[in-house]
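Analysis of the macromolecular model
In case you want the letters, here they are:
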Amino acid sequence: MSDLSFLRNLFRRRRTWTAAAYLLLALTWGSAIALLALSGWFITAAALAGAGLLLGLELFTPSAGIRAAALLRTLARYGERVLGHEAVLRVLADLRGASFAAVARLPLPAQRRMRSGDLQQRLIADIDTLDGVPLRITGPLVAAGLAVLGAAGLAAWLAPWPAPLLITGLAGLTIAASALAARFGQTRSRALVGRRSRERVALLDYFGGLADLLAYRRAAAYQQDLERREREQAGALLLQERVALGADQAVQALVALTALAMLALALHWHAQGLVSAPVAVLLALMTLGLNEALSSLPGALWRSGESLEAASRLRGLGVDSADAPDTPLQDAVRPGEAPQDTDFRVEGLAVGFPGQRPLLEGLEFELVPGRPLVIHGASGIGKTTLLETLAGERPPLRGGVRLAGQAPQHWPETTRYRAIGYLPQHTPLLDESVAANLRLGMPELTDQDLWAALDTVELANPLRREGSGLDYRTGERGQRLSGGQARRLALAWLLLRDAPVVLLDEPFAGLDTELEQRILTRIRPWLEQRRVVLVTHMPERMPKDWPRIALG
Amino acid sequence: MWKAQVHGTRMNSAADIDTQAPSIPAAASRELLRVLLRPHRNWLYLAWLAGVGAGVATIVLAAAVAWSIHLAVIGEDSALPWHWLAVAAFAVLLRYGLQGLRDWSGQQLAFLVRGDLRRKLIANAAELGPVHLAQRGHSGAWASRYQEQVDALGGYYARYLPALGLTLAVPLVLLAAAFSQDWVAGLLLLLSAPLIPVFMALIGMGSEQIHEAQQERQNRLAGHFLDRIRGLDLLRRSLALEAARQDVSAAANDYRRLSMRVLRVAFLSSAVMEFFSAVAIGLVAIYVGFALLGFLEFGPAAQITLFSGLFVLLLAPEYFQPLRQFAQSYHDRAGAVAAASALAPLLTTGAPHPAPHGANPPPTPEEEDRSGGRGQALRHHPVEYERSPGTPPKRPGPPALQLRAVEVRYEAHAPPALVIPELSVAHGERIAVVGPSGSGKSTLLALCAGFVRAGSGSVAIAASARPFAWIGQRSHLFHGSLRENLLLGSPKRVTDADLADAMAAAGLRLDDPTLPQGLDTTIGEENRGLSGGQVQRVALARALLSGSRLWLLDEPTSALDPETESDLLTRLLEHSHARGITVLLATHQQAVYQRLERVVRLAAGRLQEQGRV
């Protein structure tokens, strides 16, 4: 599938709406042309009749036609805008859903890359960029085609063959120029997008590393580099805009010159008696009226590369525009069954990144209820990688993890996450209410359940004092909570999942010692009923009788 | 306590700053837009001139075409009026050429203004320093301001401002031409034009109200998708992916409905404009037609000719064209004002320290005297620092840093963040700066680094203390290879052997599995592949290679576990001791500061005691 067919499939879903919008656009332009041409015809005919050169001029039809064209143009324009935008926004709304599903279906390593803020922003910008395709490219192309056909048909009916030829020739020239513009513009647009993301990288370095740059006196060099990039980037952008606008004016000039040629021809035919004077004026003004339809085409196609580039990145994420927008995500439907047997053991396990030396190897242990396993070791030694492997989110390099006799990553996700509750080191909460965060995937939880869990982690009182209680919004990336509060909310989330196997990565990070001990005392019975791995920097703060493994 | 966290410290985060932007008075943003225009306003005048010239060419074109038709249809001579058609063709070229020039100048203006603004942003960021910079948003937010928000100003200069001038000038010129031929037709045009802005203003006000009422909901829905992508891991582990997918679709459709409400009003206002212009053209055509037929006996109608009728008819659509362009560019203004109000506060240096000359007295002769010879002059901050000559000085020598009666404030009327009556740091001295969090440790270090300035008092820094090494709580690694990162502070040529030595000294192993290509391993976004400890080690190796004589360390090991921390500190202290490097190390851990020979204690921003261990 190419980028083009991706776009075709995408907008096909609302093809009735889109087609109606295109027709209305053609009608808008048609009535604008009619208004001008009919007015010219009417004035010339009136002048001839007034001078006694034309007999029996019927007044009602042309003046009614002029009024109708004036009204129709307005109505068609409004309808076209509303319909066209409605269709496009519906398509883009569906595409957001489909893109989310596509990203959710990506294999985990690819999905991890989407943690980068830059990629996320780009995904959103890419989806928004696609609105230009029907609104600025296909719509005007189709409508201009219809307007040209109408005008050429009328010219063929009223005048000798060179008249329609002139009009189709004009349209053909414009479309050929647009095709050329599309071809050259696309490579430039793509290059522009690439250059912009490189500039962003340099900007992140400058703003993020300013302390080091100032300390080592490198700030000036980086500033110069940024200025150079800006000059290149803005210069390329300027050229891009200038070509688009220049093409617009050039096409308008071409249309005006063609209208003059049409006028000369028509006046010539008039002198020969082939056409009447009012028709001669009508032909010229009709040709002139095409400029609105034709002038935006080359510029829009010159910039079409931006949409194609966006489409190709979306395809790269596995977004398929032919998918029905409401295909459910299969693996993610609750309720899944937790396996009855939650026996959990690790044999000869080596963890790490594929193709690299293992971070940890030769691990052997079995999880037993009542004896939570405390794992500690230096930063960067691979504790997080180990927990991800245990949770089945990363394949082991060697050896195995057995959950009820089977490797966790082979269990369906529903079963696995019912069996394993994993609290990673960083838990980005959703920008939603506390209740919505806690109820994720478990809509059946009552308010009492939530309050009980919040009480355990000592969040209930602050939330009650604050006033909005369970409806308190956590904010973007949990910004409306302190680090320790966010950590405790994540812990409450884990308690509510109530899984038989529990993996905790620094569960008490950001809490002071007393609070940590109070919470630990409260959840200790809960932990001791389960099979637990707890990773920490501070093993001495954990109960003395829990077994320990020191890494490194 | 909860409230304080929510409404106090948390509000400093980057995203909040951007959403708060609209509360900044619109006057500041308009002032910024004006100031940016000033140096390049000639391009705007050129755009206006070209636009008016195009209007005149349009009049010539309409006249030449109308006259050609008049001659050919009514005139006695049936030959084609070639010379008038040639004039018309020339007018066509002139008109579109001038319109092209108009657009070209507008683009040039926007290009120059954006370039100026970006240079200002960059220079201002360095002027603000990393401390004030971070208070105004994280680096991603700054990058977005630099790229997207500055771009959002483009349309204002490229389209809105040229259209603003021309929307008055060109219709006036065309109106004068129409009046010269037929004042009734001119009057028809004149009367229909003011109706347009009146109706549009009415509709525009309505849309503004809708917009304000919906803004918050719209922003939230716009962020919804991003939020769910960020929360993918949580959703997966909650088995809530399918629910989230439905949620995303529902939010996207809500967003669509909201957007359409705003758009419909905008379309209605442009429909009003189109309607009036179409009605006016129709009225002119019917008036001219009936006058030519001789049905209208009053005023100029009796004298109307085919030429004057066609001429007025051809001008009618052109008369409304600038108004339409203005209406189209109106949203450029709204976007630019919003962007400018976000950018304006970033372009003031903002840190409320008084002007350096007023508050910081010039260096006293006494200071100069104490500085001693050989390029070790104690200079007053901020000044150009000379590079120090090679060998480390012996202790006790002249101080590397000397602070006297220093006060630092982040807000003009807030209590001072730091008060230091007197602090002198000798060359090669290693000092722990201790105190609870928020006591001003980082401010003291930032002051010594020159990242913040003293509101009063004097800060004297020896030339040998520049450049210095800075290791913060989370060091920044630059995009590029490990080698490039290590060489950041080393202007001279360094061999791979030196690099390997420095890395070994910092405790970094080149054969580490996270460094598959050794020195040429690429380090990507968010220090890809390196752990917190490794990042701090790279920063340490970088500091070693730079040969800096002053190390400012702001809790460099706070992100590390105790063993790694102790190991890294041992290396830091060994190297600084062996090379006689002056060290200021902020920490709140006893295990750390016990290992340094001098301790400076801060509490609530005040220097409490200094003592030797």
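1. Here we look at the overall build of chain B
Scanning chain B from N- to C-terminus turns up 19 helices and 12 strands. Buried residues in chain B amount to 55% of all 613 residues. Counting only contacts in chain B whose residues sit at least 6 apart along the sequence, the fraction spanning at least 24 positions is 77%.

2. Some remarks on the overall build of chain A
Helix and strand content of chain A: 20 helices and 8 strands. Against the 2.2 N^0.38 benchmark of 24 Å for 552 residues, chain A shows a C-alpha radius of gyration of 35 Å, more extended than a compact globule. Principal-axis analysis of the C-alpha atoms places the extent of chain A at approximately 115 × 55 × 45 Å. Approximately 21,800 Å² of chain A is accessible, and the part contributed by carbon and sulfur atoms is 58%. Positive and negative side-chain charges in chain A, numbering 60 and 54 respectively, have mean positions lying 4 Å apart.

3. A look at the confidence of the model for chain B
Residues and elements named next belong to chain B. Confidence in the prediction for chain B averages 77 pLDDT; 80% of positions are at 70 or higher. Contacts of residues 350-395 to residues separated by more than four positions or lying in other chains number 81 contacts, the stretch itself having pLDDT below 50. In the predicted assembly, ipTM is 0.82 and pTM is 0.79.

4. As for the domain arrangement of chain A
Split into domains, chain A comes out as domain 1 (3-196 + 236-323) and domain 2 (344-550). Taken over C-alpha atoms, the centre of domain 1 of chain A sits 57 Å from the centre of domain 2 of chain A.

5. A few points about the sheet that holds strand S4 (residues 398-403) of chain A
All names here are of chain A. The antiparallel open sheet is built from 3 strands, whose spatial order is S2-S1-S4. This sheet does not close on itself; its edge strands, each paired only once, are strand S2 (360-367) and S4. Between one strand axis and the next, the sheet turns by 15 degrees as a mean value, whatever way the strands run. Relative to S4, strand S1 (residues 344-351) is paired through 5 bridges, and the arrangement is antiparallel. When the bridges of S4 are listed, Arg345 appears paired with Arg402. Relative to S1, helix H14 (residues 383-390) is tilted by about 130 degrees, and along the sheet it contacts S1, S2 and S4.

6. Comments concerning the pairing of strand S5 (residues 456-462) of chain B
All names here are of chain B. Most of S5 is tucked away, with 6 of its 7 residues classed as buried. The pairing of strand S2 (residues 399-408) with S5 spans 5 bridges and is antiparallel. Bridging from a neighbouring strand, Leu403 pairs with Val459 of S5.

7. Points about the interface of chain B and chain A
Counting from both sides, the interface comprises 142 residues of chain B and, opposite them, 146 residues of chain A. In total, chain B and chain A occlude about 13,200 Å² of area from one another, counting both sides; carbon and sulfur atoms represent 65% of this. Remark: the boundary between chain B and chain A carries 12 salt bridges. Ionic pairing is found between Glu292(A) and Arg324(B), a salt bridge with its closest N-O pair at 3.5 Å. If you tally residues by element for the side of chain B that touches chain A, the top one is helix H10 (residues 241-293) of chain B, at 31 residues. The class makeup of the residues in the side of chain B that touches chain A is 78 nonpolar, 33 polar and 31 charged.

8. Things to note about a nonpolar patch on the surface
Residue and element names in this part refer to chain B. Together, Val56, Val60, Trp67, Trp84 and Val87 make up a nonpolar patch on the protein surface, roughly 360 Å² of accessible area in all. The dominant element in the nonpolar patch, judged by the number of residues it contributes, is helix H4 (residues 41-73), at 3 residues. Along the chain, Val56 turns up in helix H4. Given a relative accessible area of 41%, Val56 falls into the partly exposed group.

9. Focus on the side chain of Ser481(B)
As for its position among the elements, Ser481(B) is in strand S7 (residues 480-481). Leave out the neighbours within four places in its chain, and Ser481(B) touches Leu519(B), Asp520(B), Thr521(B), Thr522(B) and Ile523(B).

10. With respect to helix H11 (residues 306-347) of chain B
Over its 42 residues, H11(B) runs 60 Å from end to end, which matches the ideal 62 Å to within 8%, given 1.5 Å per residue. Residue Gln328(B) marks the point of greatest curvature in H11(B), where the axis turns by about 30 degrees.

11. Considerations on the environment of Ser442(B)
Residue and element names in this part refer to chain B. For Ser442, the position within the fold is in helix H14 (residues 441-449). Using a relative accessible area of 34% as the deciding quantity, one classes Ser442 as partly exposed. Separated by 271 residues in the primary sequence, Ser442 and Pro171 place their C-alpha atoms 62 Å from one another.

12. Quick notes on the pattern of salt bridges
One pass over the full model with this rule turns up 55 salt bridges over all chains. In this structure, Glu80(A) and Arg77(A) form a salt bridge, with 3.4 Å as the shortest nitrogen-oxygen distance. Here Glu80(A) pairs with Arg77(A), and both are found in helix H3 (residues 60-105), just 3 residues apart, close to one helical turn. Of the two residues, Glu80(A) and Arg77(A), both sit in the buried class. Measuring nitrogen to oxygen at the nearest pair gives 3.4 Å for the salt bridge that ties Glu306(A) to Arg303(A). Take Glu306(A): its relative accessible area is 26%, and that puts it in the partly exposed class. For Arg303(A), a relative accessible area of 28% gives the class partly exposed. Three or more residues joined by partner-sharing salt bridges are found here, namely Arg196(A), Arg200(A), Glu230(A), Arg114(B), Arg118(B), Glu148(B) and Asp151(B).

13. Brief notes about the packing of aromatic side chains
Residue and element names in this part refer to chain B. Within the structure shown, the criterion is met by 16 aromatic pairs over all chains. Between Phe290 and Phe295 the ring centres are 5.7 Å apart and the planes differ by 70 degrees, which places this aromatic pair in the edge-to-face class. Since its relative accessible area comes to 22%, Phe290 is described here as partly exposed. Using a relative accessible area of 48% as the deciding quantity, one classes Phe295 as partly exposed.

14. Here's the deal with H14(A)
Burial analysis of H14(A) places 7 of its 8 residues in the buried class, which makes it a mostly covered element. Positive backbone phi, at 80 degrees, marks Gly392(A), one or two positions downstream of H14(A).

15. Some words on the sheet that holds strand S8 (residues 548-550) of chain A
Residue and element names in this part refer to chain A. Taken together, 5 strands build an open sheet; the order of strands is S5-S6-S7-S3-S8 and the sheet is parallel. The open sheet terminates on both sides in strands that have one partner only, identified here as strand S5 (420-423) and S8. On average, each strand axis in the sheet is tilted by 15 degrees relative to the strand beside it, whichever way the strands run. Sheet topology places strand S3 (residues 373-376) next to S8; 3 bridges connect them, and they run parallel. Bridge pairing in S8 places Ile375 opposite Ile549.

16. Some words on the nonpolar core
Ranked by size, the top nonpolar core spans 107 residues in total, and within it Ile167(A), Met286(A), Leu290(A) and Leu294(A) carry the most contacts. For this core, the element with the most residues is helix H2 (residues 15-50) of chain A, which contributes 14 residues. Those residues in contact with Leu294(A) that sit more than four places away from it in its chain are Ala144(A), Val148(A), Leu170(A), Ala171(A), Thr174(A), Val251(A) and Val255(A). Counting residues in each nonpolar core, the second largest holds 87 residues, with Leu121(B), Leu343(B), Leu477(B) and Leu530(B) among its members.

17. Quick notes on the packing of helix H3 (residues 26-37) of chain B against H11(B)
All names here are of chain B. For the pair H3 and H11, the least separation of the axes is 8 Å and the interaxial angle reads 95 degrees. Taken as axis vectors, H3 and H11 run roughly perpendicular relative to one another. Judged by residue contacts, Ala28, Ser29, Arg30, Leu32 and Leu33 of H3 engage Arg333, Ala336, Val337, Ala340, Ser341, Leu343, Ala344 and Leu347 from H11. A breakdown of the residues in the contact of H3 with H11 according to their chemical character gives 9 nonpolar, 2 polar and 2 charged.

18. Points about the environment of Gln249(A)
Mapped onto the elements, Gln249(A) comes out in helix H9 (residues 219-272). Since its relative accessible area comes to 6%, Gln249(A) is described here as buried. When the C-alpha atoms of Gln249(A) and Ser295(A) are compared, they prove to be 7.2 Å apart, with 46 residues separating the residues in sequence. Setting aside its immediate chain neighbours within four residues, Gln249(A) contacts Tyr96(B), Gln99(B), Gly100(B), Arg102(B) and Asp103(B).

19. Let's talk about the pairing of strand S7 (residues 531-535) of chain A
Residue and element names in this part refer to chain A. In terms of burial, S7 is a largely internal element, 5 of the 5 residues being buried. Burial along S7 is two-sided: Arg531, Val533 and Val535 and Val532 and Leu534, pointing in opposite directions, are all buried. Taking the sense of rotation as the criterion, the β-α-β connection linking strand S6 (residues 501-505), helix H20 (residues 513-528) and S7 turns out right-handed.

20. A closer look at the packing of helix H5 (residues 82-135) of chain B against helix H7 (residues 154-181) of chain B
Residue and element names in this part refer to chain B. Put simply, H5 and H7 touch, their axes get as near as 7 Å, and they point 135 degrees apart. One element, H5, and the other, H7, form an angle in the oblique class. Along this stretch, H5 crosses H7, giving a crossing that reads as right-handed. Between H5 and H7, the residues in contact are Arg102, Gly106, Gln107, Leu109, Ala110, Val113 and Arg114 and Gly154, Tyr157, Ala158, Pro162 and Leu166, respectively. Split into classes, the residues belonging to the contact of H5 with H7 amount to 7 nonpolar, 3 polar and 2 charged.

Quick notes on the rules
- Residue positions are given per chain, counted from 1 along the sequence in the order it is written.
- To label them, take the chains in the order written and letter them from A, then take the ligands in the order written and number them from 1.
- The model is predicted, so local features are restricted to residues of pLDDT at least 70 and side-chain atom pairs to those at 80 or more, both for listing and for counting; the totals for chains, interfaces and linings are taken over all residues.
- Side-chain metrics in this entry use all non-hydrogen atoms of the structure; hydrogen atoms and water are not considered.
- Secondary structure elements are taken from DSSP: a helix is a run of H or I of four residues or more, a strand is a run of E of two residues or more, and numbering for both begins at the N terminus.
- When accessible area is computed with a 1.4 Å probe and restricted to protein chains, residues below 20% of their type maximum are described as buried, those above 50% as exposed, and intermediate ones as partly exposed.
- Only heavy atoms matter for contacts: two residues are in contact if any of them lie within 4.5 Å across the pair.
- Just to be clear, the radius of gyration here is over C-alpha atoms, and the globule rule we use is 2.2 Å times residues to the power 0.38.
- Where accessible areas are quoted, they stem from the Shrake-Rupley method and a 1.4 Å probe; at the residue level, only the protein chains shown are allowed to cover.
- Under this rule, positive means Lys or Arg and negative means Asp or Glu; His and the chain ends count for nothing.
- All charge positions are set by atom: Lys at NZ, Arg at CZ, Asp at CG, Glu at CD.
- A score between 0 and 100, pLDDT records how confident the predictor is in each residue.
- What fixes the domain bounds is an automatic or database domain assignment.
- Here, any two strands with at least 2 DSSP bridges between them count as paired.
- Axis definition: a line fit to C-alpha positions, over the contact stretch in the case of helices; interaxial angles, taken between N-to-C directions, run 0 to 180 degrees.
- Summed over both partners, the accessible area (1.4 Å probe) lost when two parts come together is defined as the buried area.
- Here, a salt bridge means any side-chain nitrogen of Lys or Arg that lies within 4 Å of a carboxyl oxygen of Asp or Glu.
- Under the scheme applied here, ten amino acids are nonpolar (Ala, Val, Leu, Ile, Met, Phe, Trp, Tyr, Cys and Pro), four are charged (Asp, Glu, Lys and Arg), and all others, including Gly, are polar.
- Within this analysis, patches are made of residues with over 30% relative accessible area and no salt bridge. Like charges are joined at 9 Å or less; nonpolar side chains (Val, Leu, Ile, Met, Phe, Trp, Tyr) at 5 Å or less.
- Residue count minus one, scaled by 1.5 Å, sets the expected span of a helix.
- Bending is quantified residue by residue as the angle between axes fitted to the seven-residue window ending at that residue and the seven-residue window starting at it.
- Between 30 and 60 degrees the pair is tilted, below 30 it is stacked and above 60 it is edge-to-face, where a pair is any two Phe, Tyr or Trp rings, Trp via its six-membered ring, whose centres lie within 6.5 Å.
- Joining through side-chain atoms within 4.5 Å is the link that ties buried Ala, Val, Leu, Ile, Met, Phe, Trp, Tyr and Cys residues into a set, and such a set is a nonpolar core.
- By definition in this entry, angles of less than 35 degrees are roughly parallel, angles greater than 145 are roughly antiparallel, angles of 65 to 115 are roughly perpendicular, and the rest are oblique.
- Look down the strands so they point away from you; if going from the first strand over the helix to the second traces a clockwise path, that crossover is right-handed.
- By definition, any crossing whose near helix is turned counterclockwise from its far helix by less than a right angle is left-handed, and any crossing with a clockwise turn is right-handed.

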